[in-house]
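Residues per chain, in single letters:
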Amino acid sequence: MRTSKATTSTPFHPAKLPSSDPTTSILNKRSEKQLNSSSLDDSSIDALRWKAPPTGSFVNQFLELSKARLAALVVLTTMAGYAMAPMAVSLPILLATTTGTALCVSSANALNQWSEAPFDAQMKRTKSRLLVTHAMSGPQAVTIGVASGVVGVATLYTLVNPLTAALGLANIVLYAGVYTPMKRFTIWNTWVGALVGAIPPIMGWVACTGSLDAGALVMGSILFCWQFPHFNALSWNLRQDYAKAGYHMMSAVDPALNARVSLRYALALFPVSALAPYLGMTSWMFLGASSIVNGAFLVCAVRFWRDSTDKSARELFFMSLIHLPVLLGLLMVFKEKN
């Protein structure tokens, strides 16, 4: 990766005048004042200095370190997996499952941010994160990440079941220990990241049934396929930042492949959705309803494939944000009461 050397402006130093000239001291003082002003008023340098976090801001910092909005989406898919399982719903177990999952997600995201801080500093989207601006130290982030993981896995193990806890631990390891470093050298990181996103709905199903059934794999497969159009569209408008930071993303390394993969997995949602009524998870009415939703998603993926532009990428990305909750909602609407 080529990096351009930062250029710094050299302050003007006036030529020395004879010591007998009274103007000498005035010019020298003025030059010294300008130099000190340019150094002390440099906001970029001040931004890099470590700052003690303001009192009472720990909750906000924890939410930011945990990527709260992303964690909320993951918890939503976990709840959908729990709701689709063919068992009686237990509110205490559902609460323990969502709490444990949220803590596992927070752990993975915190460790991810700690690991990627030097690279986040090179990207516009991430240069204001806590570790980049030194609003939080590395040891603090690691402590929060490890503590969240331990508490999260322990919650799932003691209050839900060991299999769900094992899946939660696997997700932390896959995201922080496999996906994160893979981003530096291969585009296959996207497939690992999709697997990470597919596990939470499986966790929800397993939390309810205690077993890894075909229905759990269907829920995971829906999330696995959905993530490619979603993430590839998002990464398209960030491809320059990814390239600058040295990340091997399809959008930066192979834009044509980025669009093709988005289209393939948008198409894959049709047969995967058909498995739900085939396995008795839903009525056959779900097949028709899901085809309409998947069709709208596919139209955006086709546009992105034919002409990959910032506009078509945004359309596909925003459609993905509508598509997933609607599809999960249709699963629950047409769920078979068995």
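What you see is a predicted model; the values in this text were computed from it and never measured.

A. Inspection of the overall build of the protein at higher detail. Along the backbone of the protein there are 14 helices and zero strands. Ordered by position from the N terminus, the helices and strands of the protein form the series α-α-α-α-α-α-α-α-α-α-α-α-α-α. Looking at the 338 residues of the protein, the share that counts as buried comes to 46%. Here the contacts in the protein between residues at least 6 apart in sequence split such that 73% fall between residues at least 24 apart. Total accessible area on the protein is roughly 17,500 Å²; 66% of this is exposed by carbon and sulfur atoms.

B. Region of the structure containing the environment of Gly-329. Within the element layout of this structure, Gly-329 appears in helix H14 (residues 310-333). Remark: the alpha-carbon pair of Gly-329 and Ala-80, spanning 249 residues in sequence, is separated by 8.2 Å.

C. Representation of helix H4 (residues 68-84). Look at H4: 24 Å from first C-alpha to last across 17 residues, which is about the 24 Å you get at 1.5 Å a residue. Among all positions of H4, only Ala-71, Val-74, Val-75, Thr-77, Thr-78, Ala-80, Gly-81, Tyr-82 and Met-84 are buried. Each element contacted by the buried residues of H4 is listed here: helix H5 (91-120), helix H8 (189-209), helix H9 (214-236) and H14.

D. Geometry of the packing of helix H13 (residues 285-306) against H14. Between H13 and H14, the least distance of the axes is 9 Å, while the angle of their chain directions is 170°. Judged by the inter-axis angle, H13 sits roughly antiparallel to H14. Between H13 and H14, the residues in contact are Phe-286, Ala-289, Ser-290, Val-293, Asn-294, Ala-296, Phe-297, Cys-300, Ala-301, Arg-303 and Phe-304 and Ser-312, Ala-313, Glu-315, Leu-316, Met-319, Ser-320, His-323, Val-326, Leu-327, Leu-330 and Leu-331, respectively. Among the residues making up the contact of H13 with H14, the classes are represented as 15 nonpolar, five polar and two charged.

E. Examining the side chain of Asn-294 more closely. On the secondary structure map, Asn-294 appears in helix H13. At 3.2 Å, the side chain of Asn-294 forms a polar contact with the side chain of Ser-273. Excluding anything up to four places from it in sequence, Asn-294 contacts Leu-269, Phe-270, Ser-273, His-323 and Leu-327.

F. Summary view of the environment of Phe-318. By the secondary structure assignment, Phe-318 is in helix H14. For the pair Phe-318 and Ala-233, spaced 85 residues apart in sequence, the C-alpha to C-alpha distance is 9.1 Å.

G. Inspection of the pattern of salt bridges at higher detail. Enumeration according to the criterion identifies four salt bridges in this entry. The partner of Glu-116 in a salt bridge is Lys-183, and the shortest N-O contact between them spans 2.9 Å. Residue Glu-116 is located in helix H5, and its partner Lys-183 is located in the loop between helix H7 (162-182) and H8; the two are separated by 67 residues in the primary sequence. No difference in accessibility class separates Glu-116 from Lys-183, as the two residues are buried. Glu-315 is paired through a salt bridge with Arg-303; the nearest N and O atoms lie 4.0 Å apart.

H. Spatial organisation of unusual backbone geometry. The backbone of Lys-67 shows a phi angle near 55°, a positive value even though the residue is not glycine. Inspection of the secondary structure assignment puts Lys-67 in the loop between helix H3 (58-65) and H4. Phi at His-134 is positive, roughly 65°, even though this residue is not glycine. Position of His-134 among the secondary structure elements: in the loop between H5 and helix H6 (138-159).

I. Here's a closer look at the packing of H5 against H7. Contact geometry for H5 and H7: axes closest at 9 Å, N-to-C directions at 15°. Comparing their axes, H7 and H5 come out roughly parallel. Where H5 crosses over H7, the two elements pack in a sense that is right-handed. The residues of H7 that touch H5, namely those facing Cys-104, Ser-107, Ala-108, Asn-109, Leu-111, Asn-112, Ser-115 and Glu-116, are Gly-168, Ile-172, Tyr-175, Ala-176 and Thr-180. In the contact of H5 with H7, the residues fall into six nonpolar, six polar and one charged.

J. Structural context of the confidence of the model for the protein. For the protein, per-residue confidence averages 84 on the pLDDT scale, and residues scoring 70 or more make up 83% of the total. Confidence drops under a pLDDT of 50 for residues 1-45, and excluding neighbours within four residues, the segment shows 15 contacts in the predicted structure.

K. Here's a closer look at a nonpolar patch on the surface. There is a patch of nonpolar side chains on the surface, built from Leu-275, Tyr-278, Leu-279 and Trp-284 and spanning about 460 Å² of accessible area. Within the secondary structure layout, Trp-284 lies in the loop between helix H12 (255-278) and H13. Residue Trp-284 is classed as exposed on the basis of its relative accessible area of 52%.

L. Seen up close, the packing of aromatic side chains. Tallied over the entire structure, the rule returns 10 aromatic pairs. Here the aromatic rings of Phe-224 and Tyr-265 are separated by 5.9 Å at their centres, their planes lie at 75°, and the arrangement is edge-to-face. Remark: Tyr-265 occurs in helix H12 and Phe-224 occurs in helix H9; sequence separation between them is 41 residues. Judged by its relative accessible area of 21%, Phe-224 is partly exposed. Residue Tyr-265 is classed as buried on the basis of its relative accessible area, which comes to 19%. Joined through ring pairs, the aromatic side chains of Trp-188, Trp-191, Phe-224, Phe-228 and Tyr-265 make up one cluster.

Conventions adopted
- Counting starts from 1 at the beginning of each chain's written sequence and moves along it residue by residue.
- This being a predicted model, a pLDDT of at least 70 is required before a residue's local features are given, and a value of 80 or more before pairs of side-chain atoms are given or counted; all residues contribute to the totals for chains, interfaces and linings.
- Side-chain figures throughout are based on the complete set of non-hydrogen atoms in the structure, without hydrogens or water.
- Here a helix means four or more residues in a row that DSSP labels H or I, a strand means two or more in a row labelled E, and each is numbered from the N terminus.
- Type-normalised accessible area, obtained with a 1.4 Å probe on protein chains alone, sets the label of each residue: buried when under 20%, exposed when over 50%, and partly exposed for intermediate values.
- Note on contacts: a residue pair is in contact if any heavy atoms of the two residues lie within 4.5 Å.
- Residue burial considers only the protein chains on display, and all accessible areas are found by Shrake-Rupley using a 1.4 Å probe.
- By this rule, a helix spans an expected 1.5 Å times one less than how many residues it contains.
- In this description, a line fitted to the C-alpha atoms serves as the axis of each element, helices being fitted only across the stretch in contact, and the angle between N-to-C directions of two axes falls anywhere from 0 to 180 degrees.
- Throughout this description, any angle smaller than 35 degrees is read as roughly parallel, any larger than 145 degrees as roughly antiparallel, any in the 65 to 115 degree range as roughly perpendicular, and the remainder as oblique.
- Three classes are used: nonpolar for Ala, Val, Leu, Ile, Met, Phe, Trp, Tyr, Cys and Pro, charged for Asp, Glu, Lys and Arg, and polar for all others, with Gly counted as polar.
- As used in this structure description, the phrase polar contact means that two N or O atoms lie within 3.5 Å; if the pair is within protein, one of them must be able to donate a hydrogen and the other to accept it, and residues adjacent in sequence are counted only when both atoms belong to side chains.
- Salt bridge, as used here, is a side-chain nitrogen of Lys or Arg placed within 4 Å of a carboxyl oxygen of Asp or Glu.
- Handedness of each helix crossing follows the sense of rotation of the near helix against the far helix: counterclockwise by less than a right angle gives left-handed, clockwise gives right-handed.
- Confidence of the prediction at every residue is given by pLDDT, a number between 0 and 100.
- Here, patches come from residues exposed beyond 30% relative accessible area and free of salt bridges, joined within 9 Å for like charges and within 5 Å for nonpolar side chains (Val, Leu, Ile, Met, Phe, Trp, Tyr).
- Classification of ring pairs rests on two measures: the distance between centres of Phe, Tyr or Trp rings, Trp counted by its six-membered ring, which must be within 6.5 Å, and the angle between planes, read as stacked under 30 degrees, edge-to-face over 60 and tilted in between.

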